[in-house]
Amino acid sequence: MISFDRRILTHFDFFQPFLIIPIIVFSYILVSEANSILANKQLVYFGVGFACFCTFFLLPIRRLEWLIPIFYWIGIVLLIIVDIFGVSKLGAQRWIEFPFVHFTLQPSEIMKPAFLLMLAHLVKKRPPEKNGYGLKEFCRLSFYILLPFFLILKEPDLGTALILLLVGYAVLFVIGVDKKIWISIFIAIGICTPILYENLHDYQKKRITDFLSEKPSYHVQQSIIAIGSGGLTGKPKDEATQTHFKFLPIATSDFIFAYNIERFGFYGAVGLIGFYALLIMHLLSLNYILKKDFFTQVVTTGIAVMIFIYVGVNISMTIGFAPVVGVPLPFFSYGGSSFVTFMILFGMLQNLLTFRFDTMNNFIKIKF
């Protein structure tokens, strides 16, 4: 006989699924309206994502903490393998293809949970002093942040590389670093910006040029038209012409926010942004109850910052306030990689929150 410890319900954070599930349901409605075939595939991704959530929720992460550096370095090795044997698609070499089964793996997605866990492991081993980390510790932590950044940047995948970079340093900002270090970094970035721009790929420069030009690109123009046509309350399904006549590109993934407004108007946009805002604020507020649990603080802050960046960049892109990059809306855009990755991240987080007072994770009892 198998029974579960009821204390799980005491510390499980039910507010997270309360905010995430409506986003997922809302997404499925839009994807099914735009393309029923993609909607069926999305159901498969939902199943895989839920299985991954359960797996990482039930894993005794704190007992297996010694495996985290191995997990991180496996991710680094996979990124190096991509550079040597990777498969190219649309000019980017980001995937590893397994022979005979034709299954592809994107190591940069695996790197996201590995990266956060490694950062949490390092901070827990050497927590910051009262005035924050000094230069030596900051450089040590920066090594683990910059290594995957440069490997992913080389693919090239500037979007994912920048997200990991920003998440890593945002976590350090929250955990605590000497303010003199931040001032020096900002000055260095200002001086090096022209050099960094010159080393971008041509298509990356074009995206910036399109963003800075008076006339937005075709994709952004169609997105703005879809947003403007939605009005306050949106349009009926059959009248959402921007999407159903294929004027709005990639309406189920990169530009699904524009489709959302075309269908449900300004109120639909406010509702969706509201769910994301509440989720981010809730995650950041958990730091007040975690106190000296640096491991969980890093994971919580990292996920909150990651969602903020994804949402901010995607929405800014659709309204012409940012260059067009392939950054999806978490739990909302069609696709499996992003959805499964975030389900893994939230499975890890729920595990750390639910079992933070039980390092042995003795939540399952088996009786014969």
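Quick summary incoming for the structure in this document. Residue indices begin from 1 for each chain and proceed along its sequence in written order. Where totals are concerned, whole chains, interfaces and linings use all residues; where local detail is concerned, this predicted model gives features only for residues with pLDDT of at least 70, and gives and counts side-chain atom pairs only at 80 or more. Calculation of side-chain values draws on the structure's entire complement of heavy atoms; hydrogens and water are dropped beforehand.

1. Things to note about unusual backbone geometry
Next, step 1: Within the chain, Phe331 stands out as a residue other than glycine whose phi angle is a positive 65°.
Next, step 2: Here Phe331 is to be found in the loop between α14 (294-318) and α15 (337-354).
Next, step 3: On the basis of relative accessible area, Phe331 is assigned to the buried category, the value being 2%. Only runs of H or I of at least four residues qualify as helices and only runs of E of at least two qualify as strands under DSSP, and these elements are numbered from the N terminus. Exposure categories follow from relative accessible area, calculated using a 1.4 Å probe and restricted to protein chains: below 20% of the type maximum is buried, above 50% is exposed, and the middle band is partly exposed.

2. Overview of α14
Next, step 1: Under the convention used throughout, the expected extent of a helix is 1.5 Å for every residue step, that is, one less than its residue count. When the terminal C-alpha atoms of α14 are compared, their 36 Å separation across 25 residues agrees well with the 36 Å that a helix rising 1.5 Å per residue should span.
Next, step 2: Following α14 by one or two positions, Gly320 has its phi on the positive side, about 85°.

3. Considerations on the nonpolar core
Next, step 1: Nine residue types can take part in a nonpolar core, namely buried Ala, Val, Leu, Ile, Met, Phe, Trp, Tyr and Cys, and a core is a set of them joined through side-chain atoms within 4.5 Å. Within the largest apolar cluster, 103 residues are counted, with the highest numbers of intra-cluster contacts made by Ile307 and Phe346.
Next, step 2: At 14 residues, the largest contribution of residues to this core is made by α14.
Next, step 3: The two domains that each donate at least three residues to this core are domain 1 (19-58 + 203-360) and domain 2 (68-199).
Next, step 4: By definition, residues are in contact when any of their heavy atoms lie within 4.5 Å. Dropping the residues within four chain positions of it, Ile307 is found in contact with Tyr276, Leu279, Ile280, Leu283, Pro330, Phe342 and Phe346. For the purposes of this description, domain bounds are those given by an automatic or database domain assignment.

4. Overview of the pattern of salt bridges
Next, step 1: For this analysis, a salt bridge means a side-chain nitrogen from Lys or Arg found within 4 Å of a carboxyl oxygen belonging to Asp or Glu. For the structure on display, the rule yields seven salt bridges.
Next, step 2: Here Glu137 ties to Arg126 by a salt bridge, and the two come within 3.0 Å at their closest N and O atoms. Residue Glu137 is found in helix α6 (residues 135-153), and its partner Arg126 is found in the loop between α5 (107-125) and α6; the two are separated by 11 residues along the sequence.
Next, step 3: On the basis of relative accessible area, Arg126 is assigned to the partly exposed category, the value being 43%.
Next, step 4: Among the salt bridges present, the one from Glu137 reaches Arg140, with a minimum N-O distance of 2.9 Å. Note that Glu137 and Arg140 are positioned in helix α6 at a spacing of three residues, about one turn of the helix.
Next, step 5: Looking at Glu137, the relative accessible area reads 18%, which means it is buried.

5. Some thoughts on the environment of Glu65
Next, step 1: Summarising the element assignment, Glu65 is placed in the loop between α3 (36-58) and α4 (68-85).
Next, step 2: What makes Glu65 buried here is its relative accessible area of 10%.
Next, step 3: Separated by 52 residues in sequence, Glu65 and Leu117 place their C-alpha atoms 8.7 Å apart.
Next, step 4: Once residues within four sequence positions are removed from consideration, Glu65 is found in contact with His121, Lys124 and Phe295.

6. Focus: the packing of aromatic side chains
Next, step 1: Side-chain rings of Phe, Tyr and Trp, where Trp is taken by its six-membered ring, are said to pair if the distance between their centres is within 6.5 Å; with planes under 30 degrees apart they count as stacked, over 60 as edge-to-face, and otherwise as tilted. Counted under the stated rule, the structure contains 24 aromatic pairs.
Next, step 2: Ring plane angle 85° and centroid distance 6.4 Å describe the contact between Tyr169 and Trp182, whose orientation is recorded as edge-to-face. Here Tyr169 is found in helix α7 (residues 158-175), whereas its partner Trp182 is found in helix α8 (residues 179-198), with 13 residues between them in sequence. Judged on exposure class, the residue Tyr169 and its partner Trp182 are both buried.
Next, step 3: Through a chain of ring-to-ring contacts, three or more aromatic side chains come together here, namely Tyr28, Phe46, Tyr310, Phe331, Phe339, Phe342 and Phe346.
Next, step 4: Between the NZ or CZ atom of Arg263 and the centre of the ring of Phe264, over which it lies, the distance is 4.7 Å. Here, a charge over a ring is recorded when the distance from Lys NZ or Arg CZ to the ring centre is within 6 Å and its angle to the ring normal is within 35 degrees.

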